[in-house]
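Examining the three-dimensional arrangement
For reference, the chains in residue letters:
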Amino acid sequence: LKGNVILGEPRNLACLAKTWKGDGSSSKACLQEINENEGVLLTEKLKAVDYEYREEVHWTKCQGLLGTGSFGEVYKMEDKQTGFQCAAKKVQVEHFRAEELTTCAGVTHAKVLPLYGAVKEGLWVTIFMKLMEGGSLGQLLKQCGYLPEDRALDYLSQTLEALEYLHAHNVLHGDVKADNVLLSGDRSHAVLCDFGHAAQLHPDGIRNCLTTGDYVPGTETHLAPEIVMGKHCDFKVDVWSSCCMMLHLLNGYHPWTQYYNHPLCLKIAKEPPPLREIPPSCHPSTVQVITSGLEKEPTKRASAAELRMKTCKALKQVGGLKSSWSGEYREPRCLQ
Ligand SMILES: N#Cc1cccc(-c2csc(Nc3cc(F)ccc3O)n2)c1
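Every chain is numbered independently, its residues counted from 1 as its sequence is written. Side-chain atom pairs in this predicted model are given and counted only at pLDDT of 80 or more, local residue features only at pLDDT of at least 70, and totals for whole chains, interfaces and linings cover all residues. The basis for every side-chain value is the complete set of non-hydrogen atoms in the structure, without hydrogens or water.

1. Here we look at helix H4 (residues 137–144)
Basically, it comes down to this: Type-normalised accessible area, obtained with a 1.4 Å probe on protein chains alone, sets the label of each residue: buried when under 20%, exposed when over 50%, and partly exposed for intermediate values. Helical segments are the DSSP runs of H or I of at least four residues, strand segments are the runs of E of at least two, and each set is numbered from the N terminus. Taking the helix axis as origin, the arc is that swept by the directions to the C-beta atoms.
Among all positions of H4, only Leu137, Gly138, Leu140, Leu141 and Cys144 are buried. Buried positions in H4, seen along its axis, are confined to an arc of 160 degrees and lie on one side of it. Opposite its buried face, H4 presents the exposed residues Lys142 and Gln143, each directed more than 90 degrees away. Taken from the residues just after H4, glycine 145 is the one with a positive phi, measuring 80 degrees.

Next comes the structure, spelled out in structure tokens:
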């Protein structure tokens, strides 16, 4: 069985990924497709052998599940030849969105998780990315309840750095939340990952509607009003989500969930922004950051760049990163 896995460039991966769109047709049933093995590896640390890169043959999962990404589970993996370890998300072809790769393939930024390649093996697509020993911010919150204000501001600032870069490259992330922010081993660095809900917006100003086509909405509690109302969307949807994430970091629970039952989308459309969920102990400049990011009208909402500036100022106002917090548990805040 001949494989077709090469060491290549991001643009090779982007164009191959477009052919992986799960078409759900019977063609998948034929034997050839089941065993086909094609892909592009972007680093020498992952080595295809005779144009093949197969699970258990050339690479293998090690230890348990790292987490769950959009449309697939994430494992720690090891290349059998080089011993190199990284993270790998396995997605079924019919759930695969080419945007997961086309939007981040050419992106290199300190706050965006580096892509190491992707391989299709039969009915599975495996996406390889840098291993982040600190796990996700969502996992950290589960362990420690909620974060001190300075830590939350610092992670928000790093997330906004990634968004500022992505938006400047016409990429909308589409699912900004603590589960998609990964941490370095010492938890000082945060990177944005998981482009399973991403979209490339056309810079020619044609306003995009995310509720048409194959777009799959992100996490309901973090959806911007314009999405749930089916209105035109732009990069501002990520800014709204980043401030929903900020409320999650400060409170230990997602916004809206303490006041309303599902489905939340009607409330998000009708109710005022969840500013009452900002902890009363927050510094006024932190309140201002969240208020600017939770403007219901996208044109009034701060951009990622503007909000990052406000966030950095607020972090200075609260005295900078000083909480000696080492992750001890804090019970999620009860409703005041
Ligand atoms: N390393 C790591 C690690 C630990 C915990 C969660 C996650 C995580 C959450 S979403 C996520 N997405 C993702 C992970 C990949 F390896 C490849 C593509 C992805 O979209 N990964 C990664």
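There is more to say after this.
2. Description of the confidence of the model for the protein chain
Detailed reading of the predicted coordinates is not advisable wherever pLDDT falls low. Spelled out, the test is: Think of pLDDT as the predictor's per-residue confidence, scored from 0 to 100.
In the predicted model, the protein chain carries a mean pLDDT of 92, and the fraction of residues at 70 or more is 91%. The ipTM, which scores confidence in the relative placement of chains, is 0.98 for this predicted complex, and the corresponding pTM is 0.94.

3. Topic: the site of the ligand
This is how the line gets drawn: It suffices for a single heavy atom of a residue to lie within 4 Å of a molecule or strand for the residue to be listed as near it. N or O atoms closer than or at 3.5 Å make up a polar contact, with two conditions inside protein: a donor-capable atom paired with an acceptor-capable one, and, for residues adjacent in sequence, both atoms drawn from side chains. Reported accessibility uses the Shrake-Rupley method at a 1.4 Å probe radius. Residues are deemed covered only where the shown protein chains occlude them. Residues are sorted three ways: Asp, Glu, Lys and Arg are charged, Ala, Val, Leu, Ile, Met, Phe, Trp, Tyr, Cys and Pro are nonpolar, and all the rest, Gly among them, are polar.
For the ligand, the set of nearby residues contains 17 residues, the closest of which are Lys89, Glu100, Met129, Met132 and Asp194. Note that a nitrogen atom of the ligand is positioned 3.0 Å from one of the side-chain N or O atoms of aspartate 194. Here the ligand has 500 Å² of accessible area as a free molecule, and 98% of this is covered by the chains. Elements with a minimum of two residues in the shell around the ligand: strand S3 (59–69), strand S5 (85–92) and strand S7 (124–129). Top element by residues in the shell around the ligand is S5. It accounts for 3 residues. Grouping the amino acids of the shell around the ligand by side-chain chemistry returns 10 nonpolar, 3 polar and 4 charged.

4. Re the packing of helix H5 (residues 149–168) against helix H7 (residues 236–251)
Cut-off, in case you're wondering: Inter-axis angles, ranging from 0 to 180 degrees, are taken between N-to-C directions of lines fitted to C-alpha atoms, where helices are fitted over the stretch in contact. The cut-offs work like this: below 35 degrees is roughly parallel, past 145 is roughly antiparallel, 65 to 115 is roughly perpendicular, and the gaps in between are oblique. Crossing handedness is read from the near helix: turned anticlockwise from the far helix by less than a right angle, it gives a left-handed crossing, and turned clockwise, a right-handed one. Contacts are assigned to residue pairs that have any heavy atoms within 4.5 Å of one another.
The contact between H5 and H7 brings their axes to 10 Å, and the two run at 165 degrees. By the angle between their directions, the pair H5 and H7 is classed as roughly antiparallel. The hand of the H5/H7 crossing is right-handed. Where H5 approaches H7, its residues Glu149, Ala152, Leu153, Tyr155, Leu156, Thr159, Leu160, Leu163 and His167 are matched on the opposing element by Asp238, Ser242, Met245, Met246, Leu249 and Leu250. Looking at the contact of H5 with H7, its residues break down into 10 nonpolar, 3 polar and 2 charged.

5. Comments concerning the pairing of strand S6 (residues 115–121)
Selection criterion: Two strands are counted as paired when DSSP detects at least two bridges linking them.
In terms of residue burial, S6 counts as a mostly covered element, since 6 of its 7 residues are buried. Bridge count for S6 against S7 is 6 bridges, and the pairing is antiparallel. Opposite valine 119, over in S7, you have threonine 126 as the bridge partner. Between the end of S6 and the start of S7, which pair antiparallel, lie 2 residues, with glycine 122 showing a positive phi angle near 65 degrees.

6. Topic: unusual backbone geometry
With an omega of 0 degrees, the peptide bond running from histidine 262 to proline 263 counts as cis. With respect to the element layout, proline 263 can be found in the loop between H7 and helix H8 (265–270). At glutamine 63, a residue that is not glycine, the phi angle is positive and equals roughly 55 degrees. By the element assignment, glutamine 63 lies in strand S3. For glutamine 63, a relative accessible area of 65% puts it in the exposed group. Of note in the backbone geometry, asparagine 170 takes a positive phi value of approximately 60 degrees without being a glycine. Within the secondary structure, asparagine 170 is located in the loop between H5 and strand S8 (171–172). According to the relative accessible area criterion, asparagine 170 is partly exposed, its value standing at 22%.

7. Section: the packing of aromatic side chains
Cut-off, in case you're wondering: Stacked, edge-to-face and tilted are the three classes for Phe, Tyr and Trp ring pairs, Trp counted by its six-membered ring, which pair at centre distances within 6.5 Å; planes under 30 degrees apart are stacked, over 60 edge-to-face, the rest tilted. In this analysis the charged atom, NZ for Lys or CZ for Arg, is taken to sit over a ring once it is within 6 Å of the ring centre and within 35 degrees of the ring normal.
For the structure on display, the rule yields 5 aromatic pairs. Connected via pairs of aromatic rings, a cluster forms that spans Tyr53, Trp59 and Phe128. The side chain of lysine 61 reaches across the aromatic face of tyrosine 75, ending 4.3 Å from its centre. In this arrangement the basic side chain of lysine 90 is found over the ring face of tryptophan 124, its NZ or CZ atom lying 4.9 Å from the centre.

8. Describing H7
Operational definition: Residue count minus one, scaled by 1.5 Å, sets the expected span of a helix.
Between its first and last C-alpha atoms H7 spans 23 Å; for 16 residues at 1.5 Å apiece the expected length is 22 Å, and the two agree. Burial runs high along H7: 16 of the 16 residues are buried.

9. Side note on the pattern of salt bridges
Note the cut-off: The salt bridge definition used is simple: a Lys or Arg side-chain nitrogen within 4 Å of an Asp or Glu carboxyl oxygen.
Applying the stated rule across the entire model yields 14 salt bridges. The shortest N-O distance in the salt bridge between glutamate 55 and lysine 90 comes to 2.7 Å. With glutamate 55 in the loop between strand S2 (37–41) and S3 and lysine 90 in strand S5, this residue pair connects regions lying 35 residues apart in the sequence. With respect to burial, glutamate 55 and lysine 90 carry one shared label: buried.

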